[in-house]
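These are the residues of each chain, in order.
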Amino acid sequence: MVDIAGILLTGLQQGAIFALLGLGLTIILGTMEFLNLAHGALYLIGAYMGLFIVREVSVQEGLLAGIAADPAAVGLGSSFLVALILTPILMFVIGVAMERFVARPLYDRTEVEQLLLTFGLALIIEELAREFVGSQPFSSYAPDKLLGFTVSGQADVPLVGLYPRWRFVVIGLTFLLIGLSYLIIERTDFGLIVKAGTRDSEMVRMLGIDITRSYALVFGVGAALAGLAGLVGGTIIDVAPGIGTNNALVPAFLTVVIGGAGSVVGAIAGGIILGMVAAVFQFQAPQWSQIVLFGFVAVFLLVRPGGLFGSVEVGE
Amino acid sequence: MSLLAVDGIDAYYGESHILRGLSMAVEEGEICALLGRNGAGKTTTLRSVAGARPPDVRDGTVTFRGDDITQTATEDIAIRGVGLVPEERRVFPNLTVEENLHLSEVSRNASNTAGRDVGDLPETRPLSELYEAFPRLDERQNQLAGTLSGGEQQMLAIARALRQAPDLLMLDEPYEGLAPQIIDDVEDAIERINDEGTTILLIEQNAAAAISIADRCYIIDQGQVVFDGGAEELREDEETRKRYLGV
């Protein structure tokens, strides 16, 4: 059933995932002036993490098929809730390590060097995924039950009609995460430093604040958000090595471009706008949807070069 | 011992040599003005003192209360008592007035100070005291700083620096772009702050305005000090003023 309500819901659901991705990318970009092209790879790791926590899958190719005790059943087969708790914690640790060993040596280098290194890292992570579990796509892992509630199948909702229950859960969950991130940014001292730092990190330092102490935390939070986006994304699309770039890095980047570099509100609004536009074309003219997205962003940039809420000029 | 002593510093932006063996001192309790034409090296001097990079200080020393701070990180210099009101104010436009002022409080958090050599930190100046001094800010506590007028932003930049309770307050072109009436207000504020015991280093292109409130003046030209004397002396020395300041 394709009608306007269905398109809007799908747009909202995709847009919320884009917003989660864009949030992480934009706070890292804004506070550290560091463009992390490995952000999509973090989504990829999150999706695989979710897969192997939630399912026991049959791995037929790659190193893991050779070394696993039972290649037909790799994974914990645990609940989605466990994945929801474990993924952000593990991803946070990965993000902190990334800040320390990848980003920190590059803060004083040129943008080109940052882009080359982080893009290289993204390719390495993608290839490692291929090496270990092969190129085969694993089917998405939406659970049947969550906290005792049935979350599979279709729900009959007034005005909308039949719509997959899980998609409602995804919308609720992603908005909860967005709300939580927003509260952290708006209501804590850490958030205040991040917000000020996205505009003028030198001025923050000139007030006696050692902003580099926040960098590890910013990277950790950004990675946790990207990982959660991957975990949620993997319940909707099949998990394969290419999704990090196609389904995460590109939309995250476009989201930040629309919202304005460094803007938290912009990332949320930009993600949802982008999700809506993508949804309309997926339903109406799927073969055009990728091209139209880039076209939409290009036109948008001509009208508002700084994005919706942007003030930071990238590369300034 | 001078509160701040700059001794023969050479500072570079990339390969361009901006400050050439510049020396100057600021004494406790005074208002010291640093004057000079556009491009003379005023802001470079101030950034060198504040520990901001660039410029790259390759020779000479900067001492504050006798401690060598030449290569100290800018956040460590700030927290030891050097407050800065930078050129173009640089208030955080996406934060409210209150949040701008709260950042200085955040600098006192253990998560920020632990493991750093910050000495005995003074209490931050109470918000109520700052709002009393700058009533316009009091009225606009919850307004985003980006929506304030130029004069109000200047007041906020000054209040933000004062919140740190600095021993030395450095102001870079505080009158720039302000209407004459507002310049008077800012002048009054600077004099009041000084009366309350804060030493001031004022950088200005508007020489007349700076001379009128300064105790002592330096003029720099091409990265070197070319005049060092009392404000009264400079007021009477028309030749020096004409030659280096064009007034």
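See the structure above.
This report concerns the structure included in the present document.

Describing the pattern of salt bridges
Right, on to step 1. Applying the stated criterion across every chain yields a total of 24 salt bridges over all chains.
Right, on to step 2. Through salt bridges with shared partners, one network takes in D200 and E202 of chain A together with R47 and R90 of chain B.

A few points about the interface of chain A and chain B
Right, on to step 1. Contact residues are listed per partner, giving 19 residues for chain A and 30 residues for chain B.
Right, on to step 2. For the chain A and chain B pair, buried surface summed over both sides reaches about 2200 Å², with 57% attributable to carbon and sulfur atoms.
Right, on to step 3. The closest approach of N and O atoms between E75 of chain B and R205 of chain A, which form a salt bridge, is 2.8 Å.
Right, on to step 4. Inspection of the chain A/chain B interface yields 14 residue pairs in polar contact (both at pLDDT 80 or more).
Right, on to step 5. Element by element, the count of residues in the side of chain A that touches chain B is highest for helix α7 (residues 189-205) of chain A, at twelve residues.
Right, on to step 6. Residues of the side of chain A that touches chain B, tallied by class, amount to eight nonpolar, two polar and nine charged.

Brief notes about the packing of helix α1 (residues 4-32) of chain A against helix α10 (residues 264-284) of chain A
Residues and elements named next belong to chain A.
Right, on to step 1. Taken N-terminus to C-terminus, the directions of α1 and α10 make an angle of 140°; their axes are 6 Å apart at the nearest point. In this view, α1 runs oblique relative to α10, as classed from their interaxial angle. When you trace α1 past α10, the crossing you get is right-handed.
Right, on to step 2. Class assignment of the residues belonging to the contact of α1 with α10 gives a composition of 17 nonpolar, eleven polar and no charged.

Some words on the pairing of strand β3 (residues 31-35) of chain B
All names here are of chain B.
Right, on to step 1. Most of β3 sits inside the fold, with five of its five residues counted as buried.
Right, on to step 2. Where burial is concerned, the two faces of β3 agree: the one with I31, A33 and L35 and the one with C32 and L34 are both buried.
Right, on to step 3. Two elements, β3 and strand β8 (residues 199-204), share five bridges in a ladder whose sense is parallel. Residue pairing for β8: C32 is matched across the bridge by L201.
Right, on to step 4. Sheet topology places β3 next to strand β9 (residues 216-221); four bridges connect them, and they run parallel. From the neighbouring strand, L35 faces β9, where its bridge partner is I219.

As for unusual backbone geometry
All names here are of chain B.
Right, on to step 1. With an omega dihedral of -5°, the bond running from R53 to P54 counts as a cis peptide bond.
Right, on to step 2. Secondary-structure assignment places P54 in the loop between α1 (42-50) and β4 (56-64).
Right, on to step 3. The residue after P54, namely P55, is reached through a cis peptide bond having omega 5°.
Right, on to step 4. Relative to the helices and strands, P55 is located in the loop between α1 and β4.
Right, on to step 5. Of note in this structure, R65 is not a glycine but carries a positive phi near 50°.
Right, on to step 6. Along the polypeptide, R65 turns up in the loop between β4 and β5 (67-68).

Some details on the sheet that holds strand β2 (residues 16-26) of chain B
All names here are of chain B.
Right, on to step 1. Pairing in this open sheet of four strands is antiparallel, and the strands run β2-β1-β4-β5 from one edge to the other. Strands with a single pairing partner mark the edges of an open sheet, and in this sheet they are β2 and β5.
Right, on to step 2. Pairing of strand β1 (residues 4-13) with β4 involves seven bridges; the strand directions are antiparallel. When the sheet's bridge partners are listed, V6 is paired in β4 with V62.
Right, on to step 3. Seen against the sheet, α1 touches β1, β2 and β4 and runs at an angle of roughly 110° to β1.

Quick look at the packing of aromatic side chains
Right, on to step 1. Counted under the stated rule, the structure contains eight aromatic pairs over all chains.
Right, on to step 2. Aromatic pair F52 of chain A and F138 of chain A: ring centres 6.2 Å apart, planes at 70°, arrangement edge-to-face. Of this pair, F52 of chain A sits in helix α2 (residues 39-54) while F138 of chain A is found in the loop between α5 (111-133) and β1 (145-146), placing the two residues 86 residues apart along the sequence.
Right, on to step 3. In textbook terms, an aromatic cluster arises when at least three aromatic residues are bridged by ring pairs, as seen for F34, Y107, Y215 and F219 of chain A.
Right, on to step 4. The positively charged end of R58 of chain B is found above the aromatic ring belonging to Y12 of chain B, 3.9 Å away from the centroid.
Right, on to step 5. Sitting above the plane of the F64 of chain B ring, R65 of chain B keeps its charged end 6.0 Å from the centroid.

What counts as what
- By convention here, each chain's residues receive numbers from 1 onward along its written sequence.
- Chain A is the first chain written and ligand 1 is the first ligand written, with later ones labelled in order.
- In keeping with the model being predicted, local features are shown solely for residues with a pLDDT of at least 70 and side-chain atom pairs are shown and tallied solely at 80 or more, while totals for entire chains, interfaces and linings include all residues.
- No hydrogens and no water enter the side-chain calculation; it runs on all heavy atoms of the structure.
- Only one rule defines a salt bridge in this text: a Lys or Arg side-chain nitrogen within 4 Å of an Asp or Glu carboxyl oxygen.
- Between two residues, a contact is recorded if the distance between any of their heavy atoms is within 4.5 Å.
- Here the quantity called buried area is the total loss of accessible area, with a 1.4 Å probe, experienced by two parts when brought into contact, counted for both.
- Pairs of N or O atoms within 3.5 Å make up the polar contacts considered here, provided that, within protein, one atom can donate a hydrogen while the other can accept it, and that residues adjacent in sequence are counted only when both atoms are side-chain atoms.
- Each helix corresponds to a stretch of at least 4 residues labelled H or I by DSSP, and each strand to a stretch of at least 2 residues labelled E; elements are numbered beginning at the N terminus.
- Each residue is assigned to one of three groups, with Ala, Val, Leu, Ile, Met, Phe, Trp, Tyr, Cys and Pro labelled nonpolar, Asp, Glu, Lys and Arg labelled charged, and all others, Gly among them, labelled polar.
- Between N-to-C directions, angles cover 0 to 180 degrees, with each direction set by a line fitted to C-alpha atoms, over the stretch in contact for helices.
- Geometric relationships in this document are graded by angle, where less than 35 degrees denotes roughly parallel, more than 145 denotes roughly antiparallel, 65 to 115 denotes roughly perpendicular, and other angles denote oblique.
- Note on convention: the crossing is left-handed when the near helix lies turned anticlockwise from the far helix by less than a right angle, right-handed when the turn is clockwise.
- Per-residue accessibility, obtained with a 1.4 Å probe over protein chains only, is compared with the maximum for each type, and a residue is labelled buried under 20%, exposed over 50%, and partly exposed between these values.
- Only strands that DSSP links by at least two bridges are regarded as paired with each other.
- Classification of ring pairs rests on two measures: the distance between centres of Phe, Tyr or Trp rings, Trp counted by its six-membered ring, which must be within 6.5 Å, and the angle between planes, read as stacked under 30 degrees, edge-to-face over 60 and tilted in between.
- Ring-over charges, as used throughout, are those where CZ of Arg or NZ of Lys falls within 6 Å of the ring centre and within 35 degrees of the ring normal.

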